Amino acid sequence: MKKSLCIFLAFLLMLPFCSCAENTLDPVEKTLYAQGLQMIAEMDELLRSDAGSLLVQGIDGADETVAAIQEGDYTAPQKVYKISAAENIFELSAPALGVPSDLLNGASENLKKSFQLRLVSTYTARLNLQNGNAAYITSTLFTCGKTFICAGLNANLQYLYVYETGYPVLIAFGYGEDKTASAGGMFILNDELDTGTAQAVEDYLNTLCTVPVFTVEELPQVF
């Protein structure tokens, strides 16, 4: 419990020292960054709890997968990457999906926004499918979701938190009405994903799609 709280508190304690840095996060990025850390703290707590152990009972390979994740230290990320999807991701993907690119032309903006978020989630879910059923099932059991206020967020984004001794964690942020935002997080259990640079992450993500739809940039260091 104490270790999990430190993940979020460490970020809050560092904010005053980060404000003078040459490259700093903008207000929206700061909000998303902090919310992501809080979610990772909750995921880490569940992972190490007795309740978490009950979730994986009877699932082949899950115990070993959980043990491997538990070896990581999720107190502070080594790097954080911001992942953006093309606004016309559906139109770009439509030919490979076998549907007309103008299929959503008559749809409401809310439906278009929701479908885009689901399509992005479909692509990123393939990250864990690449490592087999145990990795995929385990990643879905130890997820975290929440809603919060984030004025200024006007695009669906994903943050990839990279740790020196742990697995990466992907937090997907979606924007809604009245300054609300939703978020969902999962561990990325993919041994082939190179998280050394933003370009490496971008290249790998785009191999999961029929056409390149993702761009990735590294956020300024906070810790």
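Residues numbered from 1 in each chain as written. Predicted model: local features only at pLDDT ≥ 70, side-chain atom pairs only at ≥ 80, totals over all residues. Heavy atoms only, no water.

### Considering the environment of Tyr-175
Right, on to step 1. Mapped onto the elements, Tyr-175 comes out in strand β4 (residues 169–175).
Right, on to step 2. A relative accessible area of 27% places Tyr-175 in the partly exposed class.
Right, on to step 3. For Tyr-175 and Ile-149, which are 26 residues apart along the polypeptide, the C-alpha to C-alpha distance reads 9.5 Å.
Right, on to step 4. Those residues within four positions of Tyr-175 in sequence are excluded, and the remaining contacts are Lys-113, Leu-153, Asn-154, Ala-155, Asn-156, Thr-180 and Ala-181. (Helix = DSSP H or I, 4+ residues; strand = E, 2+ residues; numbered from the N terminus. Buried < 20%, exposed > 50% of the residue type's maximum accessible area, 1.4 Å probe, protein only. Contact = heavy atoms within 4.5 Å.)

### What to know about the sheet that holds strand β2 (residues 144–149)
Right, on to step 1. Read from one edge of the open sheet, six strands run β2-β5-β4-β3-β1-β6, paired in antiparallel fashion. Lying at the two open borders of the sheet, with one neighbouring strand each, are β2 and β6 (214–218). Averaged over all pairs of adjacent strands, the angle between strand axes in this sheet comes to 20°, irrespective of strand direction.
Right, on to step 2. The pairing of strand β1 (residues 79–85) with β6 spans five bridges and is classified as antiparallel. Directly across from Ala-85, in β6, lies its bridge partner Phe-214.
Right, on to step 3. Contacts from helix α2 (residues 27–47) reach β1, β2, β3 (157–162), β4 and β5 (180–187) within the one sheet, and its direction differs from that of β2 by about 150°. (Pairing = 2+ DSSP bridges. Axes fitted to C-alpha atoms, helices over the stretch in contact; angles between N-to-C directions.)

### Quick word on the packing of helix α4 (residues 62–70) against helix α7 (residues 133–141)
Right, on to step 1. Packing of α4 against α7 leaves a shortest axis separation of 9 Å and a crossing angle of 65°. Crossing of α4 over α7 shows right-handed handedness. Seen from α4, the contacting residues are Ala-62, Thr-65, Val-66 and Ile-69; seen from α7, they are Ala-134, Ala-135 and Thr-138.
Right, on to step 2. Here the contact of α4 with α7 is composed, by residue class, of five nonpolar, two polar and no charged. (Left-handed = near helix turned anticlockwise from the far one by under 90°. Nonpolar A, V, L, I, M, F, W, Y, C, P; charged D, E, K, R; others polar.)

### Details of the layout of surface pockets
Right, on to step 1. Within this model, the largest pocket holds a volume of roughly 390 Å³.
Right, on to step 2. Of all the secondary-structure elements, those providing two or more residues to the lining of the largest pocket are β1, α5 (89–97) and α6 (109–129).
Right, on to step 3. Tallying contributions element by element places α6 first for the lining of the largest pocket, with five residues.
Right, on to step 4. Residues that form the lining of the largest pocket fall into these classes: eight nonpolar, five polar and five charged.
Right, on to step 5. Size it by volume and the second largest pocket reaches roughly 230 Å³.
Right, on to step 6. Forming the boundary of the second largest pocket are 16 residues, of which Ser-121, Ala-172, Ala-183, Gly-184 and Gly-185 lie nearest the centre.
Right, on to step 7. Taken together, the elements giving at least two residues each to the lining of the second largest pocket come down to α6, β4 and β5.
Right, on to step 8. The class makeup of the residues in the lining of the second largest pocket is seven nonpolar, eight polar and one charged. (1 Å grid on protein atoms, 1.4 Å probe; cavity = no way out; pocket = protein on both sides within 12 Å on 5 of 7 lines; lining within 4 Å. Points joined across faces, edges and corners; volume = space filled by probe spheres on them.)

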